[in-house]
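The residues making up each chain are set out below.
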Amino acid sequence: MHTTIQTVLRCTLAVLSLSSQAAISAPEISWSLEGFDEPESVLAHPTKPLLYVSNMNGAPTELNGKGYISLLSSEGRIIRHVWVTGMDAPKGMATDSKHLYVADMQQLHIIDIDRGVLVKSVKADSSVMLNDVAIDDTGVVYISDLLGGGLYRYQNDTLQQWVTGEQIPHPNGLIFKDDELIVASWGTGIKDDFTTETLGGLYAVNRATATLTPYKDAQQFGNLDGLASTGDSLLISDWMNGNIFGYKDKKVQLLFNAGKHAADIMVKGDQLYVPMMFSQRIDTYTIENQTP
């Protein structure tokens, strides 16, 4: 994935074959906000009407020190466009009651939410491009490594690889649902333009044994990026094509197309937040009755 944004924008899109599925019409956009700098992820505060947006502010692998986090209201009002700085290419995020955890290349940043201050950065020397973050009910933090492969785990102030790249070569989105860690894979055989030889799918990870189980009914359907949960369904974004999928009752359904390079999505209530990475905006959809 050592490439420039210009190369990415010129890449040939993968053709998605889902002959048994038909996309329904796109849900209504409740608001859209422009002016970001390669926004990769949107995260909603669990109890407050706040949104966090990670801005890479450069190429996905660029170590330029210009990355930052924006703070928004859940209605799309900018509170602090540049809220926390001191990063390179920040991507996925997760939060507990006190801290925001941000994946950024080979580092996991820890931000004090109340003060809006970056308090700690922990490096994983063996990683290549840390990408998404999830936290379990015990406070353990899990991070995917899209380029290097495998999953990392941060606990007891230590960041170490937990699942190897041989077990899962290019994981991206992470989410806990029903006490299970779910992983969205980008695929296998990743190329310089982000395309892959094989499309990605969903996996479940056993926290006790670190073993992966593929969802047999949810494989090879996209270069998967974000994972979000709504009711008893999952929503999944395909970065390369911009497709938004729903997964329910052991079935993947193409819901709608949000546009190319739809990145790490978030759902809170009936709102689906979609960062449009290279269009420099956040699109927000009302998703009532949009899941399969």
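In the block above lies the structure referred to throughout.
As a starting point, this report considers the structure included with it.

Calculation notes
- Residues numbered from 1 in each chain as written.
- Predicted model: local features only at pLDDT ≥ 70, side-chain atom pairs only at ≥ 80, totals over all residues.
- Heavy atoms only, no water.
- Pairing = 2+ DSSP bridges.
- Helix = DSSP H or I, 4+ residues; strand = E, 2+ residues; numbered from the N terminus.
- Axes fitted to C-alpha atoms, helices over the stretch in contact; angles between N-to-C directions.
- Contact = heavy atoms within 4.5 Å.
- Polar contact = N/O pair within 3.5 Å; in protein donor to acceptor, adjacent residues only side chain to side chain.
- Salt bridge = Lys/Arg side-chain N within 4 Å of Asp/Glu carboxyl O.
- Buried < 20%, exposed > 50% of the residue type's maximum accessible area, 1.4 Å probe, protein only.
- Core = buried A, V, L, I, M, F, W, Y, C linked by side-chain atoms within 4.5 Å.

**Observations regarding the sheet that holds strand β18 (residues 202-205)**
Part 1: Across the sheet, four strands lie side by side as β14-β15-β18-β19; this open sheet has antiparallel pairing. Edge positions in the sheet fall to β14 (171-177) and β19 (212-214), since each of these pairs with one other strand and no more. Strand-to-strand twist across the sheet, computed as the mean angle between neighbouring axes with direction ignored, equals 30°.
Part 2: Sheet analysis places β14 next to strand β15 (residues 180-185), joined by five bridges and oriented antiparallel. Residue pairing in the sheet places Pro 171 in a bridge with Ser 185 of β15.

**Description of the environment of Tyr 142**
Part 1: Structurally, the position occupied by Tyr 142 is in strand β11 (residues 141-145).
Part 2: Residues Tyr 142 and Ala 103, 39 residues apart in the sequence, show an inter-C-alpha distance of 10.0 Å.
Part 3: In this structure Tyr 142 touches Asp 132, Val 133, Ala 134, Asp 136, Tyr 152, Arg 153, Trp 162, Leu 174, Phe 176, Leu 181 and Arg 207, once residues within four positions along its chain are discounted.
Part 4: A distance of 3.0 Å separates polar atoms of two side chains, one belonging to Tyr 142 and the other to Asp 136.

**What about the sheet that holds strand β4 (residues 67-73)?**
Part 1: Strand order in the open sheet made by the four strands is β2-β3-β4-β5, with antiparallel pairing throughout. Edge positions in the open sheet fall to β2 (39-44) and β5 (78-87), since each of these has one partner strand only. Across the sheet, the mean angle separating the axes of adjacent strands is 20° when strand polarity is ignored.
Part 2: As paired strands, strand β3 (residues 50-55) and β4 are joined by six bridges and run antiparallel to one another. Bridging across to β4, Leu 51 finds its partner in Leu 72.

**A short note on the pattern of salt bridges**
Part 1: All told, the structure shown has seven salt bridges when counted by the stated rule.
Part 2: Across the salt bridge formed by Asp 112 and Arg 115, the nearest N and O atoms sit 3.3 Å from each other.
Part 3: Judged by relative accessible area, which is 55%, Arg 115 ranks as exposed.
Part 4: Taking the shortest distance from any N to any O, the salt bridge between Arg 207 and Asp 137 comes out at 3.3 Å. Highlighted residues: Arg 207 in the loop between β18 and β19 and Asp 137 in the loop between β10 (130-135) and β11, separated in sequence by 70 residues.
Part 5: Arg 207 gets classed as partly exposed once you look at its relative accessible area, which sits at 23%.
Part 6: Judged by its relative accessible area of 66%, Asp 137 falls in the exposed class.
Part 7: A network of salt bridges, in which partner residues are shared, links Asp 136, Asp 137, Asp 179 and Arg 207.

**Thoughts on the environment of Gly 116**
Part 1: Tracing the chain through its elements places Gly 116 in the loop between β8 (107-112) and β9 (117-123).
Part 2: Look past the residues within four positions of Gly 116 in its chain and what remains in contact with it is Trp 83, Val 84 and Ile 111.

**Topic: the nonpolar core**
Part 1: Tyr 52, Ile 69, Trp 83, Leu 100 and Ile 111 are the most contacted members of the largest nonpolar core, which totals 24 residues.
Part 2: Examining the composition of this core, we find that four residues originate from one element, β3, more than from any other.
Part 3: Residue contacts for Leu 100: discarding those within four places in its chain leaves Leu 43, Tyr 52, Ile 69, Trp 83, Met 93, Ala 94, Thr 95, His 109, Ile 110, Ile 111 and Ile 113.
Part 4: Residues Ala 184, Phe 221, Tyr 247 and Val 252 belong to the second largest nonpolar core, which totals 16 residues.

**Considerations on the pairing of strand β25 (residues 271-276)**
Part 1: Within β25, six of the six residues are buried, which leaves the element mostly enclosed by the surrounding structure.
Part 2: A two-sided burial pattern is seen for β25, the buried positions comprising Gln 271, Tyr 273 and Pro 275 on one face and Leu 272, Val 274 and Met 276 on the other.
Part 3: The antiparallel hairpin formed by strand β24 (residues 266-268) and β25 contains two residues in its connecting segment, where Gly 269 sits at a positive phi of about 65°.
Part 4: Pairing analysis gives six bridges linking β25 to strand β26 (residues 281-286), with the strands arranged antiparallel. Across the sheet, residue Tyr 273 finds its bridge partner in β26, namely Thr 284.

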